[in-house]
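Below are the chains, spelled out letter by letter.
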Amino acid sequence: MKKILVAVSGGVDSVVLLDFLVEKFCKEKGEAWTQKNLIVAHFEHGIRGEESKRDLKFVEELAAKYGVRFEFKNGNLGENSSEEQARNARYTFLRKIAKRENAIIFTAHHKNDLAETFALNLARGGGWRAVACFDSLDIERPFLRFSKSEILKMAKQRGLDWREDSTNFSQKYTRNRIRKSVKF
C-alpha cells in the first residue's frame, strides 16, 4: 500500500480528516504502520504573516501529537497573491512530496467546497470544467459526502481544536463572496 499524505491547513476540515485517518489506519494497519506511513503536509503560503506562522506551528504540534511525520514549505507568496497562485503552489508542493514518498494525497474537501467551486467555475464561464471541478486522479477526497456543518459537528464531538483562517472572511476573494451569498 502507498503512503498517505494528508494536506493539513490547521482548519477544522483538515484537522477532522487527520483525526479520522489516524484512527482508521491505526485500527486497520496498526499504530506503527500509521506512524511510518502517514505524513502531514502543510504549505505556509506567506500571505497572512504571523497568523499563518502560528498555523504552521499548530499543525507541526498536531502531527507530533499523533506521532506522524511532518512536512512543510514556506511559500512566501505575499499578501497580494491570488487564490489560484496559492492553490497552484500548494498542489505543486503536495505532488512533489507524494512523488518522492510514493504517497496518495488526501484533502478535506467537502460538499460545500464542491458546490462553491462549481458556482465559481460557472461564474467564470468554465463550461464542462465547472462540473468536473474535483476530478484529479491523484487526490483522494473522502469528505465530499459531508457538509461543513457535519464536519464541525464531528470536530466538536471528538473535542478537536483547530485554527480559523482570517482570509476566509475577507471579501477580497471571490470564493468568499460566493460563500456569503449562496447558502449551502
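As the structure is a prediction and not an experimental result, all values here were calculated from the model. (Residues numbered from 1 in each chain as written. Predicted model: local features only at pLDDT ≥ 70, side-chain atom pairs only at ≥ 80, totals over all residues. Heavy atoms only, no water.)

### Here we look at helix 1 (residues 12-29)
The end-to-end C-alpha distance of helix 1, which contains 18 residues, comes to 25 Å, matching closely the 26 Å that a straight helix rising 1.5 Å per residue would cover. Those residues of helix 1 not exposed but buried are Val12, Asp13, Ser14, Val15, Val16, Leu17, Leu18, Asp19, Leu21, Val22 and Phe25. In the segment just after helix 1, Gly30 is the residue with positive phi, at about 100°. (Helix = DSSP H or I, 4+ residues; strand = E, 2+ residues; numbered from the N terminus. Expected span 1.5 Å × (residues − 1). Buried < 20%, exposed > 50% of the residue type's maximum accessible area, 1.4 Å probe, protein only.)

### Brief notes about the nonpolar core
Nonpolar side chains in soluble globular proteins tend to end up buried together. Membership of the largest hydrophobic core comes to 27 residues, with the highest contact counts inside it found for Ile4, Leu18, Leu21, Leu38 and Val40. Looking at this core, the elements with two or more residues in it are strand 1 (3-7), helix 1, strand 2 (38-44), helix 3 (50-66) and helix 7 (148-158). If we skip the residues at most four places from it in the chain, Leu21 touches Ile4, Val6, Leu38 and Phe106. Membership of the second largest hydrophobic core comes to 14 residues, among which are Leu5, Ala89, Phe93 and Ile105. (Core = buried A, V, L, I, M, F, W, Y, C linked by side-chain atoms within 4.5 Å. Contact = heavy atoms within 4.5 Å.)

### Notes on the side chain of Asp19
Relative to the assigned elements, Asp19 resides in helix 1. Residue class for Asp19 comes out buried when judged on its relative accessible area of 8%.

### Observations concerning the packing of helix 1 against helix 7
Where helix 1 contacts helix 7, the axes come no closer than 9 Å and their chain directions differ by 60°. The angle between the axes of helix 1 and helix 7 places the two elements in the oblique class. The element helix 1 and its partner helix 7 pack so that their crossing is left-handed. Note on element contacts: helix 7 touches helix 1 through Lys148, Ile151, Leu152, Met154, Ala155 and Arg158, opposite Val12, Asp13, Val16, Asp19 and Glu23. For the contact of helix 1 with helix 7, the per-class residue count stands at six nonpolar, no polar and five charged. (Axes fitted to C-alpha atoms, helices over the stretch in contact; angles between N-to-C directions. Parallel < 35°, antiparallel > 145°, perpendicular 65-115°, else oblique. Left-handed = near helix turned anticlockwise from the far one by under 90°. Nonpolar A, V, L, I, M, F, W, Y, C, P; charged D, E, K, R; others polar.)

### Observations regarding the packing of aromatic side chains
Each aromatic ring pair is specified by the distance between its two centres and by the angle formed by the two planes. Within this structure, the stated rule accounts for five aromatic pairs. Relative to Phe93, the ring of Phe43 has its centre 5.6 Å away and its plane inclined at 45°; by these criteria the two rings are tilted. Residue Phe43 is found in strand 2, and its partner Phe93 is found in helix 4 (residues 83-101); the two are separated by 50 residues along the sequence. Neither residue differs from the other here; Phe43 and Phe93 are each classed as buried. Between Phe70 and Phe72, the aromatic rings sit 5.7 Å apart at their centres with planes inclined by 20°, giving stacked as the arrangement. By relative accessible area, Phe72 is classed as partly exposed at 39%. One aromatic cluster in this structure is built from Phe20, Phe143 and Phe146. Above the ring of Phe25, the side-chain terminus of Lys24 is found at 5.5 Å from the ring centroid. (Phe/Tyr/Trp six-rings, centres within 6.5 Å; stacked < 30°, edge-to-face > 60°. Lys NZ or Arg CZ within 6 Å of the ring centre and 35° of its normal.)

### Digging into helix 4
Taking 1.5 Å of rise per residue, the 19 residues of helix 4 would be expected to cover 27 Å, and the 27 Å separating its terminal C-alpha atoms lies within 8% of that figure. Looking only at helix 4, the buried set comprises Ala86, Ala89, Tyr91, Phe93, Leu94, Ile97, Ala98 and Glu101. Along its buried surface, helix 4 packs onto strand 1, strand 2, strand 3 (69-74), strand 4 (103-106) and strand 5 (139-140). Just downstream of helix 4, Asn102 is the residue with a positive phi angle, here 55°.

### Digging into the pattern of salt bridges
A full pass over the atoms with the stated rule returns 14 salt bridges. A salt bridge links Arg100 to Glu71; the nearest nitrogen and oxygen atoms lie 2.7 Å apart. Of this pair, Arg100 sits in helix 4 while Glu71 is found in strand 3, placing the two residues 29 residues apart along the sequence. Note that Asp138 and Arg95 form a salt bridge whose closest N and O atoms lie 2.6 Å from each other. With Asp138 in the loop between helix 6 (128-131) and strand 5 and Arg95 in helix 4, the pair connects residues that are 43 residues apart, well separated along the chain. Taking the relative accessible area as the measure of exposure, Asp138 reaches 33% and is therefore partly exposed. Owing to a relative accessible area of 35%, Arg95 belongs among the partly exposed residues under this scheme. One connected set of salt bridges, linked through shared partners, spans Lys3, Arg69, Glu71, Arg100 and Glu101. (Salt bridge = Lys/Arg side-chain N within 4 Å of Asp/Glu carboxyl O.)

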